[in-house]
Amino acid sequence: MSAIELQNAAPTTRQVVVETLREEVDVWLFVGKTLLAFFLTGWLAMRLALPAPSTAMLTTIIVANRQSGMVLAKSFYRAIGTLTGAAAAIVIVAAFPQTRDLFLLSLSVWIGVCAGGATLYRNFKSYAFVLAGYTAAIVAIPVIDNPPGVFDSSWARISEVLLGLMVSGVVNDVVFPSRMRDVLRRAAREQFAHFVGFVRDSTAGAIARDTMENAHLRFVRAAVTLEDLRSSVIFEDAEARARSSHLRLFNQRFMAASTSFQSLHHLINRLKRARRDTTAQALMRLYMPIGDALDAPIEAGAAARVLLPRLLAARDTMRTTTPAQRAALADPQDIRDFDTGASLLARFVDELYDYVDTAASLQAPRVSAGAAERVRFDRGNDFLGAGLATFRTTLTMLVLGAFWVASAWPLGSSAMLLATVFAGLFATTPNPTRVTWQVMLGYLSGMVLGFICEFFVLTRLDGYGLLVVGVAPFLAVGLVLMMTRRFASYGLGWAMGFAYILTLKNVQVYDPAHFINDAIAQVVGLGAAAVSFVVIPPAIGSAWLRRRQLTRLRGQVALAAEAPLPGLRHRFESVSHDLVSQVVAQTEPGSADSRTLIAWALAVHETGRALIELRHDIARRYVPAALHPYLQDTLRTLARFYEKPDADGYLLARDAVATAIAGVSEHAGTQHLLAHLHLVRMALLDGESVLAAYMPDMPLSKEIAHAS
């Protein structure tokens, strides 16, 4: 190897070594902080004479995470779930103090509802539902034969869980904290830099369809990731809480601008495919000032603020040159296409300016005094899938409860408790059967090590300090495995099984027979949860749910056409992006399902936004009464076609749009409506879109030529 090659290889080798060491440091910091929280919680629980210190200690394992913000978010929602579950347990015990069958039925239904609620969320809000079900079980089941004891039981469980949450939060926030706010800031900067760079580099010519599809996926992931991070970071950082509304607005404006950007390039691509190069080139010349305006360093902290006056100048230049570009066109259809593109370009530039303006406000040292526009990021939740999770978990609890009552099994309560935890915890994963079995294997390993630790190590030690020395090596193995991608589920089971089976108390009891019986009960509970996912497969990750989500994604066009206008833009963008993100996460990249999803997503985003803008213009400006039937028919037929696409529905929608265009063309002062209608028409006639499957055999150029 030459000297030059050695010099080139050295930085790469150094970088690999540095990254590897940094990863190892992060892993051992996580292990060290988790062990510190675990043993500090146990010591405090014993000093406070809590009935079950092991419950508090297990809590620190469940909420363990590398990032401080994640721990605080988990802890916040776990506390809410704990308090709610304790209240539910008191109500259930009070309602059925002497009716065991109804007691178990109501408790099973409550646990099932909580498991269903957990599937509706893909962030830490799901923990609130899981813990609401689990806490109700650990409070109510032990007092099934002693109803008055429910108050003492609930108070003890609340105290133990909240102690574990408090200690975990303090340890992760004080001892070498890893701040989520840094991840959030980096994500926001990358979103801004990538989008501005992509727009700047795209002004020189058309964008290939596959490039646009890949860009759309990046835009979707960036928007959903930023919202997930924002919802977690607000728990660890006061500044993030103060800027939360600005971050939401920043994300919403990003989604709006990216949708308009894609629509603009789809229009240019269609014109090029139809060999209407004169119009396409005129639009590209009109578009050029945007690229020049964005040609500035975007890595600097003041990047957004620097771009604002440049964008204003570019917008003024575009407005000045638009008449000249239009006057150079002679064909009426070229003029119509140019007007449509110019209107769409003006919308995109306005949205891009708003996006950059919001980025500038986020980069400011202090939050501006004026409150940001209030927007929401709505999720595309599937309530039928949640109902399936509710039914599965309720049935599992009923079967275990019936077996417990019929057999009078002394440790049946342990089986029900473990089934409660894992039925809710893994209902949100795409393949819960596989994950549950992996956790179960880890759990078995943890219990075996727990037996060795309890009866061959702890029996030879005295005092809490030596207890830490004896337990830490066994627990550390599971925590290290939790930080590996391949064995994360196995490591979680190891750590939970080991911590749960030890059942550390102020006065430790060494009873091998009870230990083995309790282990059997826990395995039965885990097995019941795993079997329930086999008998009643979950909706998440299934082809059935993907079809439902795709149907709902298409239904976003109906939402755009018929829902009330206030807040509709934000609702449409956020739900559409969330649905695409869900289906992408559950499909293999490059597969037929993935390609179909992306194709529909592009069509839905373009048509839906065009209909929303059309409806806003109808509401803001005067529209002759004679045009209302044509416009309403256009909205209705497009909504019905996207809800249930077929060839007949396509023809109805195409003809309705053409009729509306013809009617609007007869009235002066309605150019703003024509631009939206013409854009929808061109999307319907796109022979490379997903709608091509419903088109009659007619050349694309001929269709576009007769679009008005």
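**Topic: the confidence of the model for the chain**
Moving on, step 1. On average, residues of the chain carry a pLDDT of 82, and 88% of them reach 70 or more.
Moving on, step 2. The secondary structure element of the chain with the lowest average pLDDT is helix α26 (residues 700-705), at 37, and the one with the highest is helix α23 (residues 628-643), at 93.
Moving on, step 3. Across residues 1-10 the pLDDT falls below 50, and counting only partners more than four positions away or on other chains, this stretch makes 1 contact in the model.
Moving on, step 4. Counting contacts from residues 698-708, a segment whose pLDDT is below 50, to residues more than four positions away or on other chains yields 24 contacts.

**A word on helix α17 (residues 464-482)**
Moving on, step 1. Taking 1.5 Å as the rise per residue, α17 with 19 residues should run 27 Å; its terminal C-alpha atoms sit 26 Å apart, in good agreement.
Moving on, step 2. The complete set of buried residues in α17 reads Y464, L467, G470, V471, A472, F474, L475, A476, G478, L479, L481 and M482.

**Notes on the nonpolar core**
What tends to happen in soluble globular proteins is that the nonpolar side chains get buried as a cluster.
Moving on, step 1. By size, the foremost hydrophobic cluster in this structure holds 116 residues, and its most contacted members are F195 and F348.
Moving on, step 2. Among the elements that take part in this core, helix α13 (residues 332-363) stands out by supplying 14 residues, more than any other.
Moving on, step 3. Once residues within four sequence positions are removed from consideration, F348 is found in contact with F195, V199, A257, S260, F261, L264 and Y287.
Moving on, step 4. The next biggest cluster of nonpolar side chains, apart from the first, holds 79 residues, and it includes F30, I138, A140 and M416.

**Remarks on unusual backbone geometry**
Moving on, step 1. The phi angle at R275 is positive, at roughly 60°, despite the residue not being glycine.
Moving on, step 2. Summarising the element assignment, R275 is placed in the loop between α10 (244-273) and α11 (277-293).
Moving on, step 3. Even without being glycine, A408 reaches a positive phi, approximately 55°.
Moving on, step 4. Here A408 is to be found in the loop between α14 (383-407) and α15 (412-425).

**Considering the packing of helix α7 (residues 180-201) against α10**
Moving on, step 1. The interhelical angle for the contact between α7 and α10, taken along N-to-C directions, is 25°, at an axis separation of 12 Å. In terms of their interaxial angle, α7 and α10 are classed as roughly parallel. For the pair α7 and α10, the crossing hand works out as left-handed. Together, L184, A188, Q191, F192, F195, F198 and V199 of α7 and L247, F250, N251, F254, A257, S258 and F261 of α10 make up the contact between the two elements.
Moving on, step 2. Its residues placed into classes, the contact of α7 with α10 shows 11 nonpolar, 3 polar and no charged.

**A few points about the environment of M180**
Moving on, step 1. Along the polypeptide, M180 turns up in helix α7.
Moving on, step 2. For M180, a relative accessible area of 1% translates into the label buried.
Moving on, step 3. C-alpha separation for the pair M180 and S232, spaced 52 residues apart in sequence, amounts to 7.8 Å.

**Describing the pattern of salt bridges**
Moving on, step 1. Under the criterion given, the structure shown has 22 salt bridges.
Moving on, step 2. Taking the shortest distance from any N to any O, the salt bridge between E160 and R157 comes out at 2.8 Å. Of this pair, E160 and R157 both sit in helix α6 (residues 150-174), 3 residues apart, which is roughly one turn of that helix. A single burial state applies to E160 and to R157, both of which are buried.
Moving on, step 3. For D655, the salt bridge goes to R654, with nearest N and O atoms at 3.6 Å.

Rules and cut-offs
Residues numbered from 1 in each chain as written. Predicted model: local features only at pLDDT ≥ 70, side-chain atom pairs only at ≥ 80, totals over all residues. Heavy atoms only, no water. pLDDT = per-residue confidence, 0-100. Helix = DSSP H or I, 4+ residues; strand = E, 2+ residues; numbered from the N terminus. Contact = heavy atoms within 4.5 Å. Expected span 1.5 Å × (residues − 1). Buried < 20%, exposed > 50% of the residue type's maximum accessible area, 1.4 Å probe, protein only. Core = buried A, V, L, I, M, F, W, Y, C linked by side-chain atoms within 4.5 Å. Axes fitted to C-alpha atoms, helices over the stretch in contact; angles between N-to-C directions. Parallel < 35°, antiparallel > 145°, perpendicular 65-115°, else oblique. Left-handed = near helix turned anticlockwise from the far one by under 90°. Nonpolar A, V, L, I, M, F, W, Y, C, P; charged D, E, K, R; others polar. Salt bridge = Lys/Arg side-chain N within 4 Å of Asp/Glu carboxyl O.

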